[in-house]
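Geometric and topological summary
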Amino acid sequence: MLSTDAVLVLRCQKDDCKAFDEIVARYKDGIYNYICRMISNRDDAEDLAQEVFVRAYASMKSFRRDSNLRTWLFRIATNLCVDKYRKSGVEKQHVIPLEQDSGDGEGSVAMEIPDCDHDPLMICERTELQAKVQEALLKLPDKLRAPIALYDLEEMPYDEIAETLGCPIGTVKSRIFNARMQLRTLLKPYMEVSGAV
């Protein structure tokens, strides 16, 4: 029996546009989130996510139905991220200051932080930690960043990661281990300062 992805691919290959719309709806959030973790610019991530589906649509007729659709889409996303990273050199960090220029020549004005229903201190600490983890992820080489993002953040199994990245499962496991060790090293100063270690 064919999986729902395989049925959608078969329908796409018979020029059923609604089937492709279903594929996009099913995978767009995961692809976008993965790309956001691979590069730091959300506008670029949105463009690259769209490009993933443009390329997938253009190549759908040649897609082998025995392949895994999800893996294929993430492979396209990975390749686009690596290309983007190489073309732009070192990815520029986008920092949002806590103060803004008032625009009237009087200096800076503190930005308002919206009140949330939850403990603001907890939200602030969680947001700061997420930013530090993202910053550390961006410092990893592509060959380590991609597998850790796919495994820990996208919850993709080892075999799909291996297929996505075109390397053996043992290599995937090794790269995930090495990525975790590097992340631990990169985050250690922050964890010591915040008292988490």
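To be clear, the structure that these remarks concern was listed above.
Conventions we followed
- Residue numbers restart at each chain and count upward from 1, following the sequence in its written direction.
- Owing to the predicted nature of the model, reporting of local features is limited to residues with pLDDT of at least 70; listing and counting of side-chain atom pairs is limited to 80 or more, with chain, interface and lining totals taken over all residues.
- The side-chain figures draw on all heavy atoms in the structure; neither hydrogens nor water molecules are used.
- Put simply, DSSP marks the helices as runs of H or I at least four residues long and the strands as runs of E at least two long, and each gets a number from the N terminus on.
- Type-normalised accessible area, obtained with a 1.4 Å probe on protein chains alone, sets the label of each residue: buried when under 20%, exposed when over 50%, and partly exposed for intermediate values.
- The contact rule is simple, with two residues in contact once any of their heavy atoms fall within 4.5 Å.
- Computed by Shrake-Rupley with a 1.4 Å probe, the accessible areas treat only the displayed protein chains as cover when residues are assessed.
- Note on definitions: angles span 0 to 180 degrees between N-to-C directions of axes, and those axes are lines fitted to C-alpha atoms, for helices only across the stretch in contact.
- The handedness criterion is simple: a crossing whose near helix is rotated anticlockwise from the far helix by less than a right angle is left-handed, and one whose near helix is rotated clockwise is right-handed.
- Under the scheme applied here, ten amino acids are nonpolar (Ala, Val, Leu, Ile, Met, Phe, Trp, Tyr, Cys and Pro), four are charged (Asp, Glu, Lys and Arg), and all others, including Gly, are polar.
- The arc in question is the one spanned by the directions pointing from the helix axis to the C-beta atoms.
- For salt bridges, the criterion is a side-chain nitrogen of Lys or Arg within 4 Å of an Asp or Glu carboxyl oxygen.

**Observations concerning the overall build of the protein**
- Looking only at helices and strands, the protein features 8 helices and 2 strands.
- Start at the N end of the protein and walk to the C end: the helices and strands fall as α-α-α-α-β-β-α-α-α-α.
- In the protein, which comprises 197 residues, the share counted as buried stands at 34%.
- In the protein, the share of contacts with a sequence separation of at least 24, taken over all contacts with a separation of at least 6, comes to 60%.
- Accessible surface for the protein amounts to roughly 12700 Å². Of this, 52% is attributable to carbon and sulfur atoms.

**Here we look at the packing of helix 6 (residues 142–153) against helix 7 (residues 158–165)**
- Two elements in contact, helix 6 and helix 7, have axes separated by 10 Å at closest approach and are oriented at 145 degrees. Two packed elements cross with a definite hand, and for helix 6 against helix 7 that hand is right-handed. Of the residues in helix 7, those in contact with A146, P147, L150 and Y151 of helix 6 are Y158, I161, T164 and L165.
- Grouping the constituent residues of the contact of helix 6 with helix 7 by class yields 7 nonpolar, 1 polar and no charged.

**A short note on helix 1 (residues 4–13)**
- Along helix 1, the residues that are buried comprise D5, A6, L8, V9, C12 and Q13. Buried residues of helix 1, seen end-on, are gathered within an arc of 160 degrees and therefore sit on one face of the element.
- Looking one or two places after helix 1, you find D15, whose phi comes out positive at around 65 degrees.

**Focus: the pattern of salt bridges**
- Taken as a whole, this structure holds 11 salt bridges when the rule is applied.
- In this structure, the salt-bridge partner of R26 is D5, at a minimum N-O distance of 2.5 Å. On the criterion of sequence distance, the pair formed by R26 in helix 2 (residues 17–38) and D5 in helix 1 is long-range, its members being 21 residues apart.
- A salt bridge links D15 to K61, with the nearest nitrogen and oxygen atoms 2.9 Å apart. Of the two residues, D15 is situated in the loop between helix 1 and helix 2 and K61 in the loop between helix 3 (42–59) and helix 4 (69–88); the sequence distance between them amounts to 46 residues. Here D15 and K61 have matching classes, each one exposed.
- Salt bridges here are not isolated pairs; linked through shared partners, they connect R11, D16 and E22.

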